[in-house]
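Understanding the architecture of this molecule
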Amino acid sequence: MRWRLHGDGRTPAPGAVVRPDERLSWPRTFGLGAQHVVAMFGASFVAPVLMGLDPNLAIMMSGVATVIFLLATRGRVPSYLGCSLSFVGVAAVIRAQGGSSATVTGAVFVVGAALFVVGLAVQRFGARIIHAAMPPIVTGAVVMLIGFNLAPVTAATYWPQDQWTALCVMLFTGLAVVCLRGFWSRVAIFLGLIFGYALSWALDAVFGKIHSADGSGKVTDHWRLDLSAVGHADWIGLPTFHGPSFEWSAILVALPVVIALVAENAGHVKAVGEMTGDPLDDKLGTAISADGAASMLSTAVGGPPNTTYSENIGVMAATRVYSTAAYWAAAAFALLFGLCPKFGAVVAAIPGGVLGGITVILYGMIGLLGAQIWINAGVDLRNPLNLVPAAAGIIIGVGNVSLKFTDTFSLSGIALGTIVVITGYHVLRAFAPAHLKSQEPLLDSGTSSYDEQEADGDRKAAGPTAQPRAKS
């Protein structure tokens, strides 16, 4: 928590960057911290609302999670941890099965514990253990089915509440993502929320109530933007806490998200390392464990899970400031926002039509991140060893196919699709002819140098006669 002043403390010199252990002047540092909070607001607003959790608690625990992450990585990996959108589909499935908020947070708590263990394993054995079980074809397919499994939520829950507002918000957000540059493109979701709020207020003022489905699915006359709860909310107060509840059916639905979180953390560590010029692959295991520990703490008190945010990478890239001091400031701002119930009431009042327009883009982007993993890893989908398990798992996950074992236990959707992808790939690989296995699964670019450094360290420890190990 000690930072050297960079230059004159005003702006980085041409071509220079503010490194994690440096800072600008404190007023500028706090300004950058506020900018990081704004960058994560869009997703961190939407995610807890979609999961049915307290947005105030989500914002507060994102600040706590960021502090845990910065301490665990000893200030070397600048990152903000916000509410993970990967769990939105999981929450929807659990609630559709009759689960409560406690059931959702209990299932996600177990995912956080699993992520923590994975991080410890990576620290001990290296990233090869992840890729042995989950090569890019598997990781990409699981991320894809998690995202696309959310399509019915948008189509059946949010879009019907106000289809024309949803359409306008979708178009505005898409234009903001594509046409705006730098910081503004990174907060396109936030801008879409503001636009949707303003549009809903204007439509209410001009046309009055709308006759459509409300949040419960009942068709009735209602205001698009209902701010009645905002007036009754206090300015200062604690968010709503609750303990987790553990049910096996919910846990099995949530566990596949571990794969998406590992991929997110690996990509974040690699990206930050490249931007700062400081290889951070040795911190991959620590980053994964810190994310898991922060998610466990958040869900233990009723909050959502957390993950590293790409929106904040965009802010760092635009400003060339990678100082962890700015993230400490961002964490402090998040804690303050979490103590304002009126702020949470404003978030909870997001109109359904606005969520419909945003989730069309958001859910699709989550799913297509799986395709991006395939492209970056050079996965060959012409190879049936890759194509068959991925195709089967994605259809099962997106179509919510069920496999019933007993009257009280069944697997479906995300859980069943993930099992099919993972087991299907490894079983088929065991029986596939040699020519289909000639191209070994590629390591994720975010962790390949980690393994190479570890191998070099082993050879040095073994002495000058040690031979290089063959890659498996």
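The name given to the chain in an unreviewed UniProt entry is Uracil-xanthine permease, with the source organism recorded as Streptomyces spectabilis. Under the UniProt heading Subcellular location (unreviewed entry), the note attached to the chain is "Membrane". According to the UniProt record, the Sequence similarities (unreviewed entry) comment for the chain reads "Belongs to the nucleobase:cation symporter-2 (NCS2) (TC 2.A.40) family."

1. Topic: the overall build of the chain
Secondary structure summary: the chain contains 21 helices and eight strands in total. Across the chain, contacts joining residues at least 24 apart in sequence account for 77% of those joining residues at least 6 apart. As displayed, the chain offers around 20,500 Å² of accessible surface, 66% of which is attributable to carbon and sulfur atoms.

2. A short note on the packing of helix 6 (residues 136–148) against helix 20 (residues 413–431)
Between helix 6 and helix 20, the least distance of the axes is 10 Å, while the angle of their chain directions is 165 degrees. As the angle between them shows, helix 6 and helix 20 are arranged roughly antiparallel. Pair helix 6 / helix 20 crosses with right-handed handedness. Taking contact as the criterion, the partners of Ile137, Val138, Ala141, Val142, Leu145 and Ile146 in helix 6 are, on helix 20, Ile414, Gly417, Thr418, Val421, Ile422 and Tyr425. In terms of residue class, the contact of helix 6 with helix 20 is built from ten nonpolar, two polar and no charged.

3. Comments concerning the packing of helix 4 (residues 101–125) against helix 14 (residues 284–300)
Two elements in contact, helix 4 and helix 14, have axes whose closest approach is 7 Å; the angle formed by their N-to-C orientations is 160 degrees. Between helix 4 and helix 14, the crossing angle belongs to the class labelled roughly antiparallel. Along this stretch, helix 4 crosses helix 14, giving a crossing that reads as left-handed. Judged by residue contacts, Thr105, Val108, Phe109, Gly112, Ala113, Leu115, Phe116, Val118, Gly119, Leu120, Val122 and Gln123 of helix 4 engage Leu284, Gly285, Thr286, Ile288, Ser289, Asp291, Gly292, Ala293, Ser295, Met296, Thr299 and Ala300 from helix 14.

4. Focus on the nonpolar core
Val46, Met51, Ile358 and Tyr363 are the most contacted members of the largest nonpolar core, which has 100 residues in total. Tallying contributions element by element places helix 13 (residues 257–276) first for this core, with ten residues. Counting only domains with at least three residues in this core, you end up with domain 1 (19–379) and domain 2 (380–435). Ignoring sequence-local partners within four residues, the contact set of valine 46 consists of Ile189, Leu193, Leu355, Ile358 and Leu362. Counting residues in each nonpolar core, the second largest holds five residues, with Val18, Leu24, Leu32 and Ala326 among its members.

5. Brief notes about the side chain of threonine 66
Looking at the element boundaries, threonine 66 is found in helix 2 (residues 55–72). For threonine 66, a relative accessible area of 0% translates into the label buried. Polar side-chain contacts of threonine 66 include one of 2.8 Å to the backbone oxygen of serine 62. Beyond its immediate sequence surroundings of up to four residues, threonine 66 is in contact with Ser79, Tyr80, Leu81, Tyr327 and Ala331.

The rules we used
Residues numbered from 1 in each chain as written. Predicted model: local features only at pLDDT ≥ 70, side-chain atom pairs only at ≥ 80, totals over all residues. Heavy atoms only, no water. UniProt positions renumbered as here; feature names shortened; annotations may be inferred. Helix = DSSP H or I, 4+ residues; strand = E, 2+ residues; numbered from the N terminus. Contact = heavy atoms within 4.5 Å. Areas by Shrake-Rupley, 256 points an atom, 1.4 Å probe, with all protein chains shown as cover. Axes fitted to C-alpha atoms, helices over the stretch in contact; angles between N-to-C directions. Parallel < 35°, antiparallel > 145°, perpendicular 65-115°, else oblique. Left-handed = near helix turned anticlockwise from the far one by under 90°. Nonpolar A, V, L, I, M, F, W, Y, C, P; charged D, E, K, R; others polar. Core = buried A, V, L, I, M, F, W, Y, C linked by side-chain atoms within 4.5 Å. Buried < 20%, exposed > 50% of the residue type's maximum accessible area, 1.4 Å probe, protein only. Domains from an automatic or database assignment. Polar contact = N/O pair within 3.5 Å; in protein donor to acceptor, adjacent residues only side chain to side chain.

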